[in-house]
Amino acid sequence: DFTTFNNLAYWLEKGGVYNAVVVNVRDGNYNEQTIFKAILGTDSINNVLIQSESGDSSAVVISYSSQSSSNNYLILLDGTDWINWKQITFYSNYSAYYLRNISFNTGSNYNTFTNCSFSGLVSSTSSSSAALVFAGSGDCSYNVFNNCLFTNGAYGGYFYGYYNGIYETNNKFENCHFINQYYR
């Protein structure tokens, strides 16, 4: 059993995977900020599923109080591929300016979010710092958000995506609902 997402991320990075991995997250509030790096062995078959054990997305809440641009994320996917998140709530709760729930970096591809909720405080800025989901480094592609809810923030999703001639492509938001974003 892992008691924190940081502990999970550490062991996935150090040990990799040899088969598909399912992580059932117990109901609760997890106040932490986590970086997931590349995981050795992940692919379309041997992926990692992180899901609510009870199947209730409102029962598993990851939150963190980001206070500056250098730590503006709850979950940072840094070269991470093939993680599937299911039925989890992400909530940024400190400032109406630093609201990134998920930040993609350095070629994070093929990640999925299904039946998840992304939220933050009401924002009155058009800055990408207040985007609930953000990708700005380029080459973060084929990420999918399916049947998710995005509430507040400046943007629900912000994929800037140009780095050394590489664009972020084929990211999808399917059957998602966007409520009360400042900038549309």
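Residues numbered from 1 in each chain as written. Predicted model: local features only at pLDDT ≥ 70, side-chain atom pairs only at ≥ 80, totals over all residues. Heavy atoms only, no water.

Caption draft 1: Examining the overall build of the protein chain more closely. On a plain count of helices and strands, the protein chain comes out with one helix and 19 strands. The principal-axis extents of the C-alpha atoms in the protein chain amount to approximately 45 × 40 × 30 Å. Looking at the protein chain as a whole, 51% of its 184 residues are labelled buried. For the protein chain, the exposed surface amounts to about 8700 Å²; the carbon and sulfur share of it is 47%. Taking the average place of the 7 positive charges on the side chains of the protein chain and the average place of its 12 negative ones, the gap between the two points comes to 5 Å. (Helix = DSSP H or I, 4+ residues; strand = E, 2+ residues; numbered from the N terminus. Buried < 20%, exposed > 50% of the residue type's maximum accessible area, 1.4 Å probe, protein only. Areas by Shrake-Rupley, 256 points an atom, 1.4 Å probe, with all protein chains shown as cover. Lys, Arg positive; Asp, Glu negative; His and termini not counted. Charge placed at Lys NZ, Arg CZ, Asp CG, Glu CD.)

Caption draft 2: Broad picture of the side chain of Asn-101. Assignment of secondary structure puts Asn-101 in the loop between strand S8 (89-92) and strand S9 (102-105). Not counting residues within four places of it along the chain, the set of residues in contact with Asn-101 comprises Tyr-73, Leu-74, Ile-75, Phe-90, Tyr-91, Ser-92, Phe-118, Ser-119, Ala-131 and Leu-132. (Contact = heavy atoms within 4.5 Å.)

Caption draft 3: Here's a closer look at the environment of Asn-170. The residue Asn-170 is located in the loop between strand S17 (166-167) and strand S18 (172-174) in this model. Each C-alpha atom, one on Asn-170 and one on Cys-140, is 9.1 Å from the other, the two residues being 30 residues apart in sequence. With near-sequence residues (within four places) excluded, Asn-170 lies in contact with Tyr-142 and Asn-143. Among the polar contacts listed, one links the side chain of Asn-170 to the side chain of Tyr-142, at a separation of 3.1 Å. Only 3.5 Å separates the side chain of Asn-170 from the side chain of Thr-169, close enough to count as a polar contact. (Polar contact = N/O pair within 3.5 Å; in protein donor to acceptor, adjacent residues only side chain to side chain.)

Caption draft 4: Here's a closer look at the pattern of salt bridges. For the structure on display, the rule yields three salt bridges. Close ionic contact of Arg-26 with Glu-53 constitutes a salt bridge, the shortest N to O distance being 3.7 Å. In this pair, Arg-26 sits in the loop between strand S1 (21-25) and strand S2 (28-31) while Glu-53 sits in the loop between strand S4 (48-52) and strand S5 (60-64), placing the two residues 27 residues apart along the sequence. With relative accessibility at 47%, the residue Arg-26 sits in the partly exposed group. Owing to a relative accessible area of 45%, Glu-53 belongs among the partly exposed residues under this scheme. Each of Asp-1, Arg-26 and Glu-53 takes part in one network of salt bridges that share partners. (Salt bridge = Lys/Arg side-chain N within 4 Å of Asp/Glu carboxyl O.)

Caption draft 5: Quick peek at a nonpolar patch on the surface. On the surface, Phe-2, Tyr-10 and Trp-11 cluster together into a nonpolar patch covering about 350 Å² of accessible area. As for its placement among the helices and strands, Phe-2 is situated in the segment before helix H1 (5-15). Residue Phe-2 is classed as partly exposed on the basis of its relative accessible area of 43%. (Patch = residues over 30% accessible without salt bridge, like charges linked within 9 Å, V, L, I, M, F, W, Y side chains within 5 Å.)

Caption draft 6: Summary view of the layout of surface pockets. Computed from the structure, the largest pocket encloses a volume of approximately 250 Å³. What lines the largest pocket is Asp-1, Phe-2, Thr-3, Thr-4, Phe-5, Leu-8, Val-23, Asn-24, Val-25, Arg-26, Tyr-30 and Glu-53. When contributions to the lining of the largest pocket are tallied by element, the ones reaching two or more residues are H1 and S1. Considering each element in turn, the lining of the largest pocket owes the most residues, three residues, to S1. Of the residues contributing to the lining of the largest pocket, the split by class is six nonpolar, three polar and three charged. (1 Å grid on protein atoms, 1.4 Å probe; cavity = no way out; pocket = protein on both sides within 12 Å on 5 of 7 lines; lining within 4 Å. Points joined across faces, edges and corners; volume = space filled by probe spheres on them. Nonpolar A, V, L, I, M, F, W, Y, C, P; charged D, E, K, R; others polar.)

Caption draft 7: Focus on the state of the cysteines. What the rule picks out here adds up to zero disulfides. Cys-116 takes part in no disulfide bond, and the closest cysteine sulfur, belonging to Cys-148, lies 5.0 Å away. Cys-140 forms no disulfide, and the closest cysteine sulfur to it belongs to Cys-148, at a distance of 17 Å. Assessed through its relative accessible area of 0%, Cys-140 is described here as buried. (Disulfide = S-S within 2.5 Å.)

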